Amino acid sequence: MNDQALQPPDPAADATTHGAVNTNTRKVFVKTYGCQMNVYDSARMTDALAADGYSETTVLEDADLVLLNTCHIREKAAEKVYSELGRLRDMKKAKNAEGREFVIGVTGCVAQAEGKEILRRAPAVDLVVGPQTYHRLPQVLRDVREGRKAVETDYSLEDKFEHLPSPEKAVTKSRGPTAFLTVQEGCDKFCTFCVVPYTRGSEVSRPLAQIVDEAKKLAGAGVRELTLLGQNVNAWHGTDADGNAIGLGELIAAIAEIDGLDRLRYTTSHPRDMDDRLIAAHATQSKLMPYLHLPVQSGSDRILKAMNRKHTAADYLALVRRIRAVNPELALSGDFIVGFPGETDEDFEDTMRLIEEVGYAQAFSFKYSPRPGTPGADLPDHVPEEMKSERLDRLQTLLFKQQRDFARACVGKTIDLLLEKEGRMEGQLVGRSPWLQPVIIDAKTTKSGDKLKIGDIIKVRITEAGPNSLFAEVAES
Ligand code: SAH
Ligand code: SF4
Ligand code: F3S
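On a predicted model such as this, the values are computed, not experimentally measured, just so you know. (Residues numbered from 1 in each chain as written. Chains lettered and ligands numbered in written order. Predicted model: local features only at pLDDT ≥ 70, side-chain atom pairs only at ≥ 80, totals over all residues. Heavy atoms only, no water.)

Engineer: I'd like a rundown of the site of ligand 2, residues and numbers included.
Structural biologist: Contacts to ligand 2 come from C187, K189, F190, C191, F193, C194, V196, P197, N232, H270 and R309. Comparing atom positions with the cavity grids shows ligand 2 to sit within the largest cavity. Here the shell around ligand 2 is composed, by residue class, of seven nonpolar, two polar and two charged. (Near = heavy atom within 4 Å. 1 Å grid on protein atoms, 1.4 Å probe; cavity = no way out; pocket = protein on both sides within 12 Å on 5 of 7 lines; lining within 4 Å. Sits in = over half its atoms within 2 Å of the grid points. Nonpolar A, V, L, I, M, F, W, Y, C, P; charged D, E, K, R; others polar.)

This is the structure:
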């Protein structure tokens, strides 16, 4: 089980980099921590900087500007950023001594939460920009070059999405057959453990037309699978062309009409926002993949209440039954927190029971990490560290067994596979199953001899279930 926020493929704790290299211009190196929304934001920031003459590099030493796009979800995440900043400070000294520019920027949720504090703890940092103000990055950089350190963490009154350049160019350049599209940002739920409502602000939905327009551009650039993103994606709401109120179910239907897009996903959902029309979409929208990330956090009503989740374990189980009734193929994934303040053995056993009852195909689980400024941090009865570790161990053993059982049950099935990239071994291609499992094939052609390429959707038969991936062979289409 990964220690990860939201869901694969981007671990919260581990950073990813991306981009293409160019010469003769200033270069930006972006390191992305956290959830998929940060991955999406990093791409949009590089687009904004490209318009200002920056090309992206994946080689840190070549960079004139480094952006750490940070995550604040757990304590460890912010500490990792500070230690990375220590390394960058040394690099900056060395580069400046050679007369070279080396600008260090912190963006993302740590930037939003810590603001000026970052400049105090890490004086080598030149700019701090929160997630709502990325469109101002080019101006901020000009300020930095004129010698002014900049901190931009206001919740912007402008719509950053309207001010950021369109993603289409960058997509054609490097983003392959899958893409993220943020449709909703922020959160008004205020779960007592969580920093997101403070770092991302209150819930905002992007308008239907703006989303459809971006989805079309992505499809035009070769994207075949689109994952709609939001901290609370199923709280998305908007109006259709006739002015009727619509929700995520209708948004999915509108995007499903776009030619070229074949597979749709969305993440992350809150159990309270799974309305009937969204549930129905899992039966009626054939492009919608049969996989749903639906975090519950705990199976104890007492703890759910203390977490301010505003639903009970029974509500969640009833919801799962309703969703599975419309689509029995659907696999579930979830997030769990162990050791929330006041969690007793009995509360923990309730969580284990809920997991047994649901049966997850995939899950992410974490020890509770007190976040300053959230109500949970001030609660009495914090659970000792060893107890958290013991509980996490037991919980992950169960979840991992469920994940393996689910994978083994896939063996023998013929599925559609979207080829996403070359495998690690020569001749391998890797894609994802409808249930988001990585699937590896050892083949270069279809049965009829046509060459396989990244972006193809092919029929494969699952032959073997490894611990983290499935293996498959090409089937007759
Ligand atoms: N919006 C999503 C998830 C946001 S954060 C939702 O509502 O489910 C992703 C996951 O990180 C959460 O689901 C939770 O399991 C975990 N998480 C958030 N804050 C945490 C904390 N303080 N300690 C441990 N895990 C936490
Ligand atoms: Fe955090 Fe809860 Fe909002 Fe999810 S719903 S982002 S866990 S406050
Ligand atoms: Fe982390 Fe911010 Fe995402 S805190 S999980 S990067 S919304």
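Engineer: Tell me what's going on with the site of ligand 3, and back it up with residues and numbers.
Structural biologist: Near ligand 3 you find ten residues, and of these C35, C71, H72, C109 and Q231 are the closest. In a pocket analysis with a 2 Å cut-off to the grid points, ligand 3 is assigned to the largest cavity. Residue composition of the shell around ligand 3, by class: five nonpolar, four polar and one charged.

Engineer: Report on the sheet that holds strand β10 (residues 225-229), specifying residues and quantitative values.
Structural biologist: Reading across from one edge, β7-β10-β13 is the order of the three strands in this open sheet, with parallel pairing throughout. The open sheet has two edge strands, β7 (178-182) and β13 (263-267), and neither has a second partner. Here the strands of the sheet are splayed against their neighbours by 20° on average, with no regard to which way each runs. Across five bridges, β10 lies against β13 in parallel orientation. Within β13, the position partnered with L226 by the bridge is L264. (Pairing = 2+ DSSP bridges. Helix = DSSP H or I, 4+ residues; strand = E, 2+ residues; numbered from the N terminus. Axes fitted to C-alpha atoms, helices over the stretch in contact; angles between N-to-C directions.)

Engineer: An account of the confidence of the model for the protein chain is needed here, citing residue identities and associated values.
Structural biologist: Looking at the protein chain as a whole, its pLDDT mean stands at 91, while 91% of the residues score no less than 70. In the model, residues 1-23 has pLDDT below 50 throughout and makes 85 contacts with residues more than four positions away in sequence or in other chains. (pLDDT = per-residue confidence, 0-100. Contact = heavy atoms within 4.5 Å.)

Engineer: Outline the sheet that holds strand β19 (residues 438-441), listing residues and values.
Structural biologist: In spatial order, the strands read β17-β18-β19-β21-β20; together these five strands close into a barrel with mixed pairing. This sheet shows a mean twist of 55° between the axes of neighbouring strands, independent of strand direction.

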